[in-house]
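# Examination of the molecular architecture
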Amino acid sequence: MERFIDRCRQEGLKVTPQRIAIYQVLMASRNHPSADTVYREMSATHPTISFDTVNRTLLTFADIGVIKTVESYSGSRRFDTETAPHHHVHCVKCGRISDFNDQGIDTVEVPDRVVRDFSVIGQRMVVSGICPECGGK
Ligand SMILES: [Zn+2]
Ligand SMILES: [Zn+2]
């Protein structure tokens, strides 16, 4: 939370109670929530907040780098409070996205033909499958 507040101040973004509340909802959700999910949770405690406000706030957070957007596998954009490099396991049934780390994958070399004309700033593995709750292993 302190890191979040520092970062907002550095970027000249006012730290309002509403922005803090949105960030807290994100932090509490371990499932890379969509704007819709954050909005639904926010409206429990902030009944007057609009979806547009939540969505715009999330995009602003992503813009200044306090959160990341996650590849959209189906439908809406998802958000991630973990900004350090990591990888994802994605359940194709319930849409759950979990994090994992693996040094071996971090150091996989990007093919020459990609590096030739592309400035690489990161690489991430996404494993798709079916989670235990949805009847996987
Ligand atoms: Zn699942
Ligand atoms: Zn993640």
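Residues numbered from 1 in each chain as written. Chains lettered and ligands numbered in written order. Predicted model: local features only at pLDDT ≥ 70, side-chain atom pairs only at ≥ 80, totals over all residues.

## Examining the overall build of the protein
What counts here: Secondary structure elements are defined from DSSP: runs of H or I of at least 4 residues count as helices, runs of E of at least 2 residues count as strands, and each element is numbered from the N terminus. The contact criterion used is a C-beta to C-beta distance within 7 Å, with each C-beta placed from the backbone.
Helix and strand counts for the protein stand at 6 helices and 5 strands. Helices (α) and strands (β) of the protein occur, in sequence order from the N terminus, as α-α-α-α-β-β-β-β-α-α-β. In terms of overall dimensions, the protein has C-alpha extents of about 50 × 40 × 25 Å along its principal axes. Of the contacts made within the protein by residues no fewer than 6 positions apart, 48% connect residues no fewer than 24 positions apart.

## Details of helix α4 (residues 51-64)
For the record, the criterion: For a helix, the expected span equals 1.5 Å multiplied by the number of residues minus one. Burial in this document is a count-based property: other C-beta atoms within 10 Å of a residue's C-beta are tallied, and the residue is buried at 20 or more, exposed at 12 or fewer, or partly exposed in between, with C-beta positions derived from the backbone. To be clear, the arc concerns the directions from the helix axis to the C-beta atoms.
Over its 14 residues, α4 extends 20 Å from the first C-alpha to the last, a length consistent with the 20 Å expected when each residue adds 1.5 Å. Those residues of α4 not exposed but buried are Val54, Thr57, Leu58 and Phe61. Along the long axis of α4, the arc covered by the buried residues comes to 100°, so they all point the same way. Looking at α4, the residues exposed on the side facing more than 90 degrees away from the buried face are Asp52, Arg56 and Asp63. Its buried side turned inward, α4 meets α2 (17-28), α3 (35-45) and β2 (78-80). Downstream of α4 by a residue or two, Gly65 has a phi angle that is positive, lying close to 90°.

## As for the nonpolar core
Here is a general trend for soluble globular proteins: nonpolar side chains tend to be buried in one another's company. For clarity, the threshold we go by: What makes a nonpolar core is a set of buried Ala, Val, Leu, Ile, Met, Phe, Trp, Tyr and Cys residues, with links drawn between C-beta atoms within 7 Å.
Ranked by size, the top nonpolar core spans 17 residues in total, and within it Ile22, Leu26, Val38, Met42, Val54 and Leu58 carry the most contacts. What Leu26 contacts, discounting residues up to four positions off in sequence, is Pro33, Val38, Ile67, Phe79 and Thr81.

## Here we look at the environment of Ala44
Of note, Ala44 is situated in helix α3. Taking the C-alpha atoms as reference points, Ala44 and Glu11, 33 residues apart in sequence, are found 29 Å from one another.

## Here's the deal with the pairing of strand β3 (residues 87-91)
Note the following rule: Two strands qualify as a pair provided DSSP detects at least 2 bridges between them.
As paired elements, β3 and strand β4 (residues 97-100) share 4 bridges and run antiparallel to each other. Paired with His88 across the two strands is Asp99, which belongs to β4. A loop of 5 residues connects β3 with β4, the two strands running antiparallel in sequence, and Gly95 in this loop sits at a positive phi of about 80°.

## What about the sheet that holds β4?
Test applied: An axis is simply a line fitted to the C-alpha atoms; with a helix, the fit covers only the stretch in contact. Between two such axes, the angle follows the N-to-C directions and lies from 0 to 180 degrees.
Overall, mixed pairing links the 3 strands, which are arranged β4-β3-β5 in an open sheet. The strands lining the two open edges of the sheet, one partner per strand, are β4 and β5 (126-129). Across the sheet, the axes of successive neighbouring strands diverge by a mean angle of 20°, strand direction being ignored.

## Description of the confidence of the model for the protein
Rules: Across the chain, each position has a pLDDT score giving the predictor's confidence in that residue, from 0 to 100.
On average, residues of the protein score 92 in pLDDT, and 100% of them reach the 70 mark or higher. Looking over the protein, one finds the lowest element-wise mean pLDDT in helix α5 (residues 103-106), namely 90, and the highest in α4, namely 96.

## Regarding the environment of Ile22
Topologically, Ile22 is positioned in helix α2. Owing to 25 C-beta atoms within 10 Å, Ile22 belongs among the buried residues under this scheme. Not counting residues within four places of it along the chain, the set of residues in contact with Ile22 comprises Val38, Met42, Val54 and Thr57.

## Regarding the packing of α3 against α4
Where we set the bar: An angle below 35 degrees is read as roughly parallel, one above 145 as roughly antiparallel, one from 65 to 115 as roughly perpendicular, and any other as oblique. Working rule for handedness: look at the near helix, and if it is turned counterclockwise from the far one by less than a right angle, call the crossing left-handed; if clockwise, right-handed.
Closest axis-to-axis distance for the α3/α4 pair is 9 Å, and the angle between their directions is 125°. When the axes of α3 and α4 are compared, the pair comes out oblique. Read as a crossing pair, α3 and α4 show a hand that is right-handed. In this structure, α3 contributes Ala35, Val38, Tyr39 and Met42 to the contact, and α4 contributes Phe51, Val54, Asn55 and Leu58.

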